[in-house]
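Fold and geometry: a report
Spelled out from the first residue to the last, the chains are:
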Amino acid sequence: MPTIHKTRIRITLLDAAILAALAGLFGFIAYKAVTGLNYHWNWSVIPQFLLRFDEPTQSWKPGLLTLGLFATIRLSIWSGLLAISLGTLIGFFRVSRSLFKRLIAGTYVGLIRNTPPLVLIFIFYFFIGDQIMTLLHMDNFIYAMNPETKDVLSYLFGPMNRFPQFVSALITLALFEAAYIAEIVRAGIESIDPGQWEASTGTGMTKAQAMRHVIFPQAIQRMLPALAGQFISIVKDSAIVSVISIEELTFQAQQLMTTTYRSFEIWTLVFVMYFILTFLCSLAVRRLELTMKRD
Amino acid sequence: MKLVRLATLTCLSCLLALIIGCSQQPVQQKAGEKAAPAKTSQLDTILKRGVIKVGFDTFKPWAMKNKNGEYIGFEIDVAKKLAEDMGVQVEFVPTKWSGIIPALLTGKFDIIIGGMSITPQRNLKVNFSIPYEFSGMSVVASKKLAGGRTMASEFNNPATTVAVRLGTTAAEVTKNFLPKAKILFFDEESQTIQELLNERVHAVVASNPLPMNLAKEYPDQLFLPFKEDFTREPISFAVKKGDPDFLNWLNNWVLYTSSKGWLQNRYEYWFYTNEWENQIQ
């Protein structure tokens, strides 16, 4: 077991005063929200968006917002994986000795980081995504698929009839996030003391070997907290693909609001759902960091 | 090292050639069109695929999501009937209203069935069928801020703020009818309603029955300043340009279906009853 520093928590008068002030502030905001806003609060419609009873099959089914949450998770995991692979590659290019590779990677990172994500999403989706999809003949491929394969795949990628859009959003998000990951990878590698390079090449390793066996394992430990932050960012950034009609959490919420006009209740719920999701991610990464430190 | 660089360069130049090749395709097609006008219609593509892809956005009661996550509404009925008569399956592609025309043009779906009214600006980019329905624009106003106003001129001053949904004809109508009023644009209908209920805007302009329903739901706060709708806008199917076969089929479908009274019946159901309300809340 790791030794975790345990100090007794003592609540001083100052702590109590600050807590009371905070509680008062939130209470005031909540009170204002209920009385000051001209709004008919109706929380009773909300639970069915999380979990609903399906009459025809007599079973409980996930509600619309839960389905949206699943889509957000799918999108985050897949684009996270893709972004990490691409980002690592570009990151290596950034520290490469070849000027050509450095220029390519530099252009990519510079281009993506200095443009607003919303604009990028539209450009990627309408131009690049489209070119890729037509090139792959994704449509015909899906219509020709047999139902069993479709069922299995829909667990992984969501409803298959929306697959081309999903892939399009996935690539877009991954391309966007990869630029940030590339910088994290570069910083991680550059933070390793030059002596490590000299020592490893001194033992007869080639540059590639030194990178693989000595430099990168050390760098990855330093990169982890930043990468975790970036992954949480991906979860939150996935909301932006709602503008290109991917039915993730934000999109579902907006559709529900258009039909039910229950804006505040739904936004509050969505806020809580995003918080729980990303907070769990933070906790998991904290665990991972501790484990790596122990090793 | 040199080999790698050479390989990379070759790959890149191939990619460049491909991109240039792709971008020149439409030009060649255009040249081909003159020689042989028979281009495959989108209609054939749909029949071959066995699926018609329909673009729309949620708009109560045109298209909404029910509790089970299925789409319901007037447009949804229309799209289903259309597909049935065509003998194909229907696939719904919900799309943000502000980006719906670019999405049609880039082939994300075959047709817009989303309560889209004809405007000359839109018509420059897409082709419209003959109208299958008409929608009226109306105003719902805050009693506290604009109580007692019953004339358009009373709203047409810089002290009045009006909220509308971005990209809708309501936005254009408001600019034309109330050029002096301050207009706020929102992405979603629900946001405009919120602004109105919070008394940050004097009125919301939207197509009926939304203003009517709102005035019914909040009788203490909201009212309808005008007795009648101030526009009557033709609602049509929108498809890509240059496809007379598809358009011909759609036009005749509208003529045929209205002659049977089916369209009017569905319209009555979705716009003047609220039997379906328990499906969404």
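The present account deals with the structure reproduced in this document. (Residues numbered from 1 in each chain as written. Chains lettered and ligands numbered in written order. Predicted model: local features only at pLDDT ≥ 70, side-chain atom pairs only at ≥ 80, totals over all residues. Heavy atoms only, no water.)

1. Side note on the overall build of chain B
Assigned secondary structure in chain B consists of 12 helices and 14 strands. Burial statistics for chain B: of 281 residues in total, 50% are counted as buried. By sequence separation, contacts in chain B at least 24 residues apart represent 71% of the contacts at least 6 residues apart. Taken as a whole, chain B presents about 13,600 Å² of accessible surface, with 57% of it coming from carbon and sulfur. (Helix = DSSP H or I, 4+ residues; strand = E, 2+ residues; numbered from the N terminus. Buried < 20%, exposed > 50% of the residue type's maximum accessible area, 1.4 Å probe, protein only. Contact = heavy atoms within 4.5 Å. Areas by Shrake-Rupley, 256 points an atom, 1.4 Å probe, with all protein chains shown as cover.)

2. Comments concerning the packing of helix H9 (residues 194-202) of chain A against helix H10 (residues 207-237) of chain A
All names here are of chain A. Two elements in contact, H9 and H10, have axes separated by 9 Å at closest approach and are oriented at 140°. Judged on the interaxial angle alone, H10 and H9 are oblique. H9 and H10 meet at a crossing whose hand is right-handed. Counted together, Gln196, Trp197 and Ser200 of H9 and Lys207, Ala210, Met211, Val214, Ile215 and Gln218 of H10 form the full contact between these two elements. (Axes fitted to C-alpha atoms, helices over the stretch in contact; angles between N-to-C directions. Parallel < 35°, antiparallel > 145°, perpendicular 65-115°, else oblique. Left-handed = near helix turned anticlockwise from the far one by under 90°.)

3. Focus on the layout of surface pockets
Volume-wise, the second largest pocket comes out at about 930 Å³. Among the secondary structure elements, those contributing two or more residues to the lining of the second largest pocket are helix H3 (64-94), helix H6 (138-143), helix H7 (147-157) and helix H8 (163-190) of chain A together with strand E4 (89-94) of chain B. Ranked by the residues each element gives to the lining of the second largest pocket, the list is headed by H3(A), at six residues. Looking at the lining of the second largest pocket, its residues break down into 17 nonpolar, 10 polar and seven charged. (1 Å grid on protein atoms, 1.4 Å probe; cavity = no way out; pocket = protein on both sides within 12 Å on 5 of 7 lines; lining within 4 Å. Points joined across faces, edges and corners; volume = space filled by probe spheres on them. Nonpolar A, V, L, I, M, F, W, Y, C, P; charged D, E, K, R; others polar.)

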